[in-house]
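Fold and contact review
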Amino acid sequence: MDILTLLPFIVLIGAMFLMTRSAKKKQAAAAQMRNDMQPGTGVRTIGGMYATVKEVHDDTVLLEVAPGVHAIYAKNAIGAVLDDAEYNRIVHGDDDQLDADGTVVPDDASSLTGEPGADKADIAKIDLGKDEAADDDAESKDDAAAKDAKGEGKADGETGTK
């Protein structure tokens with residue numbers, strides 16, 4: 001056998017080796033992250049639930065999912081260990097960057113419809129209804145164009161050519 005017939009097999013085996021190596025690195029990093037968990041840190045489970053670690057055992061973790069509510073999870077169910085700032089931003093809504101300038105955002109758009117102090121009766125109403133005269137003109141133009149295209153008195157499919 002020559003090298004050209006073995007080349008596809010060699011490339012395939014090399015690709016499989018590289019894929020399994022990167023997967024093993026990811027698994028090792030995830031296992032290290034789970035082993036570095038300490039009580040009091042915030043975590044996100046693989047199901048998307050955020051909780052605080054209370055106790056760490058060999059294969060399980062005791063999580064506080066709400067004040068006074070505890071649940072036991074497998075260590076493999078921990079998707080990410082979060083730092084304190086990220087956990088507080090997600091769970092408690094603490095974000096110093098959002099309200100840096102102290103602006104107040106209204107709950108609805110009613111304050112955007114007029115000037116401050118303007119009465120609702122003073123705001124001009126826009127008529128969004130159809131204009132019947134414009135519709136009649138458009139229909140008559142469409143009818144005339146259709147008659148010219150078909151030919152007067154001709155049925156569908158009939159043409160004026162011989």
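Since this is a predicted model, take the numbers as computed values, not measurements. (Residues numbered from 1 in each chain as written. Predicted model: local features only at pLDDT ≥ 70, side-chain atom pairs only at ≥ 80, totals over all residues. Heavy atoms only, no water.)

**Looking at a nonpolar patch on the surface**
Stated precisely, the cut-off is as follows: Residues enter patches when their relative accessible area tops 30% and they take part in no salt bridge; the joining distance is 9 Å for like charges and 5 Å for the nonpolar side chains Val, Leu, Ile, Met, Phe, Trp and Tyr. Exposure was quantified through the Shrake-Rupley algorithm and a 1.4 Å probe, taking into account, for residues, occlusion by the shown protein chains and nothing else. By convention in these notes, a salt bridge is any Lys or Arg side-chain nitrogen within 4 Å of a carboxyl oxygen on Asp or Glu. In this description a helix means any DSSP run of H or I spanning at least four residues, a strand means any run of E spanning at least two, and both kinds are numbered starting from the N terminus. The rule is simple: take the accessible area with a 1.4 Å probe, protein chains only, and divide by the maximum for that residue type; under 20% is buried, over 50% is exposed, in between is partly exposed.
On the surface, a cluster of nonpolar side chains totalling about 710 Å² of accessible area is made up of Ile-3, Leu-4, Leu-6, Leu-7, Phe-9, Ile-10 and Val-11. With respect to the secondary-structure elements, Ile-3 resides in helix H1 (residues 3-35). Of the residues examined, Ile-3 reaches a relative accessible area of 59% and is grouped as exposed.

**Re the side chain of Glu-64**
As a reminder, the rule being used: Definition of a polar contact: a pair of N or O atoms within 3.5 Å, with one able to donate and the other able to accept a hydrogen when the atoms are protein atoms, and with sequence-neighbouring residues admitted only if both atoms are side-chain atoms. Here, two residues are considered to be in contact whenever any of their heavy atoms come within 4.5 Å of each other.
Tracing the chain through its elements places Glu-64 in strand E3 (residues 60-66). Looking at Glu-64, its side chain comes within polar contact range of the side chain of Lys-54, at 3.1 Å. In contact with Glu-64, not counting residues within four places along its chain, are Ala-51, Thr-52, Lys-54, Val-69 and His-70.

**Side note on the sheet that holds strand E1 (residues 42-45)**
Which entries qualify depends on this criterion: Strands were regarded as paired on the criterion that DSSP finds at least two bridges between them. Note on geometry: axes are lines fitted to C-alpha atoms, helical ones only across the stretch in contact, with angles between N-to-C directions running from 0 to 180 degrees.
Judged by pairing direction, the sheet is antiparallel, and its five strands sit side by side in the order E4-E3-E2-E1-E5 without closing on themselves. Of all the strands in the sheet, just strand E4 (69-74) and strand E5 (78-82) have a single pairing partner and so form its edges. In this sheet, neighbouring strand axes are inclined to one another by 40° on average, regardless of whether the strands run parallel or antiparallel. Relative to E4, E3 is paired through six bridges, and the arrangement is antiparallel. The residue bridging Glu-64 from the neighbouring strand is His-70, located in E4. Its contacts with the sheet put helix H2 (residues 84-91) on E1, strand E2 (50-56) and E5, and the angle it makes with E2 is roughly 135°.

**A look at the pattern of salt bridges**
Taken as a whole and judged by the stated rule, the model has one salt bridge. Between Glu-64 and Lys-54 there is a salt bridge, and its shortest N-O distance comes to 3.1 Å. With Glu-64 in strand E3 and Lys-54 in strand E2, the pair connects residues that are 10 residues apart, well separated along the chain. A relative accessible area of 36% means that Lys-54 is categorised as partly exposed.

**Quick notes on the nonpolar core**
Short version of the rule: Think of a nonpolar core as a cluster: buried Ala, Val, Leu, Ile, Met, Phe, Trp, Tyr and Cys residues, connected wherever their side-chain atoms sit within 4.5 Å.
If you look at the biggest cluster of nonpolar residues, it comprises seven residues: Met-37, Val-43, Ala-51, Val-53, Val-61, Leu-63 and Ile-78. When contributions to this core are tallied by element, the ones reaching two or more residues are E2 and E3. Apart from the residues lying within four places of it in its own chain, the contact partners of Ala-51 are Thr-41, Gly-42, Val-43, Leu-63, Glu-64, Val-65 and Tyr-87.

**Section: the side chain of Thr-52**
Checked against the element boundaries, Thr-52 lands in strand E2. Classification of Thr-52 as buried rests on a relative accessible area of 17%. Within the structure, Thr-52 has its side chain in polar contact with the side chain of Tyr-87 (distance 2.9 Å). Filtering out sequence-adjacent residues up to four positions away, Thr-52 remains in contact with Gly-40, Thr-41, Leu-62, Leu-63, Glu-64 and Tyr-87.

**What about the environment of Leu-63?**
The residue Leu-63 is located in strand E3 in this model. For the pair Leu-63 and Pro-39, spaced 24 residues apart in sequence, the C-alpha to C-alpha distance is 9.1 Å. Setting aside anything within four residues of it in sequence, one finds Leu-63 in contact with Val-43, Thr-45, Ala-51, Thr-52, Val-53, Val-69, His-70, Ala-71, Tyr-73 and Ile-78.

**A look at the environment of Asp-83**
Mapped onto the secondary structure, Asp-83 falls in the loop between E5 and H2. By relative accessible area, Asp-83 is classed as partly exposed at 46%. As for Asp-83 and Thr-41, which are separated by 42 residues in sequence, their C-alpha atoms are 7.2 Å apart.

**Here's the deal with the environment of Gly-79**
The topology assignment puts Gly-79 in strand E5. Under the relative-accessibility criterion, Gly-79 is labelled partly exposed at 35%. Remark: the alpha-carbon pair of Gly-79 and Met-33, spanning 46 residues in sequence, is separated by 9.3 Å. Dropping the residues within four chain positions of it, Gly-79 is found in contact with Met-33, Arg-44, Thr-45 and Ile-46.

By themselves, these observations are geometric and do not establish any function.
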